[in-house]
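Structure assessment
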Amino acid sequence: KPPAAPDPAGVKPSASRPTRARPGQPDTPTAPRYLVRLLSQPRGAKLVIDGGSGESCTAPCTLELEEGRHTVAAVLPGHETGFQAFDLVGPGTEVTVTLKKIVGLLQVETDPPGVEVLIDGVVQPKPTPTTLEVVPGEHTLVLRKQGFQTVETTISIQPNAFGRQFYKMAPK
């Protein structure tokens, strides 16, 4: 008898496939297997199923897994590792792991207020006083306001930390 074709909804008819038993023991059927769609937010995380003992892929991806409880770990540089447990009970399952970006907070205050802030050449949405989420590492901070000397300095942002910078702007 030829093997059955996969169900278009993603069900694989593997419940009837036996596993190899030890000599002298009967064959037993395996758990059904289904396709599961795995996503990460943001995209591109490496996904590891069931602690590395199972499958892995890069999101977005689709894997065939046995019916039951699973855990997916998502790893993406610059983000905290995310975990999501899910029960695979049938076709059409989709799992999304949302990752939190690793940032540091930088509060920038100036005298006078209303100074334009640039980090690595990118104008920030609000003038001073402002609190910004900044990727950890070394950055160039530029402060500029008409009638005042431009300030340019290097700042170091630590992950999950809060830093405060105050600058007294000098008139031109």
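About the thresholds
Residues numbered from 1 in each chain as written. Predicted model: local features only at pLDDT ≥ 70, side-chain atom pairs only at ≥ 80, totals over all residues. Heavy atoms only, no water. Core = buried A, V, L, I, M, F, W, Y, C linked by side-chain atoms within 4.5 Å. Buried < 20%, exposed > 50% of the residue type's maximum accessible area, 1.4 Å probe, protein only. Contact = heavy atoms within 4.5 Å. Pairing = 2+ DSSP bridges. Helix = DSSP H or I, 4+ residues; strand = E, 2+ residues; numbered from the N terminus. Axes fitted to C-alpha atoms, helices over the stretch in contact; angles between N-to-C directions. pLDDT = per-residue confidence, 0-100. Polar contact = N/O pair within 3.5 Å; in protein donor to acceptor, adjacent residues only side chain to side chain.

A few words on the nonpolar core. Core analysis: the largest hydrophobic core is formed by 19 residues, its most contacted members being Val36, Leu38, Leu47, Leu65, Val72 and Phe86. Apart from residues no more than four positions distant in its own chain, Leu38 is found in contact with Leu47, Ile49, Cys57, Ala59, Pro60, Cys61, Leu63 and Val95. Listed in part, the 15 residues of the second largest apolar core include Val108, Val115, Leu143 and Tyr167.

What follows deals with the sheet that holds strand β14 (residues 130-134). Read across the sheet, three strands follow the order β14-β11-β17 without closing on themselves; strand pairing throughout is mixed. Every other strand in the sheet has two partners, leaving β14 and β17 (162-168) as the edge strands with one partner each. Shown here is a sheet whose adjacent strand axes are inclined to one another by a mean of 25 degrees, direction ignored.

With that settled, consider the pairing of strand β9 (residues 82-88). Direction of pairing for strand β8 (residues 68-75) relative to β9: antiparallel, over a ladder of seven bridges. In the strand pairing of β9, Thr71 is matched with Ala85. Between β8 and β9, which pair antiparallel and follow one another directly, the connecting turn spans six residues, one of which, Gly78, has a positive phi of 85 degrees.

Let us now look at the sheet that holds strand β12 (residues 116-119). Through backbone hydrogen bonds, the strands of a sheet pair up, either in parallel or in antiparallel fashion. Strand order in the open sheet formed by four strands is β13-β12-β15-β16, and the pairing between neighbours is antiparallel. Two strands bound the open sheet, and with one partner strand each, they are β13 (122-123) and β16 (151-157). Note that β12 and strand β15 (residues 137-144) share four bridges and pair antiparallel. Of the residues in β15, the one forming a bridge with Ile119 is Leu141.

Model confidence for the protein chain is summarised by a mean pLDDT of 86, while 83% of its residues fall at 70 or above. Of all secondary-structure elements in the protein chain, the lowest mean pLDDT belongs to strand β1 (residues 11-12), at 38, while β12 reaches the highest, 98. Low pLDDT (under 50) marks residues 1-21, which in the prediction has 36 contacts with non-local residues, meaning those over four places away or in another chain.

Here we come to the side chain of Gln124. Note on placement: Gln124 falls in the loop between β13 and β14. Of note is the side chain of Gln124, whose polar atom sits 2.9 Å from the backbone oxygen of Val122. If we ignore the near neighbours within four places in the chain, the residues touching Gln124 are Val117, Ile119 and Leu132.

What follows deals with unusual backbone geometry. Ala59 connects to Pro60 through a cis peptide bond whose omega is 0 degrees. In the segment running from Thr128 into Pro129, the intervening peptide bond is cis, with an omega of 0 degrees. With respect to the element layout, Pro129 can be found in the loop between β13 and β14. With a phi angle near 55 degrees, Asp50 is a residue other than glycine that sits in the positive phi range. Considering the arrangement of structural elements, one finds Asp50 in the loop between β5 (46-49) and β6 (56-58). In the Ramachandran plot, Asn160 falls in the positive-phi region, its phi being about 55 degrees despite a non-glycine side chain. Mapped onto the elements of the fold, Asn160 is located in the loop between β16 and β17. On the basis of relative accessibility, which here comes to 54%, the residue Asn160 falls in the exposed class.

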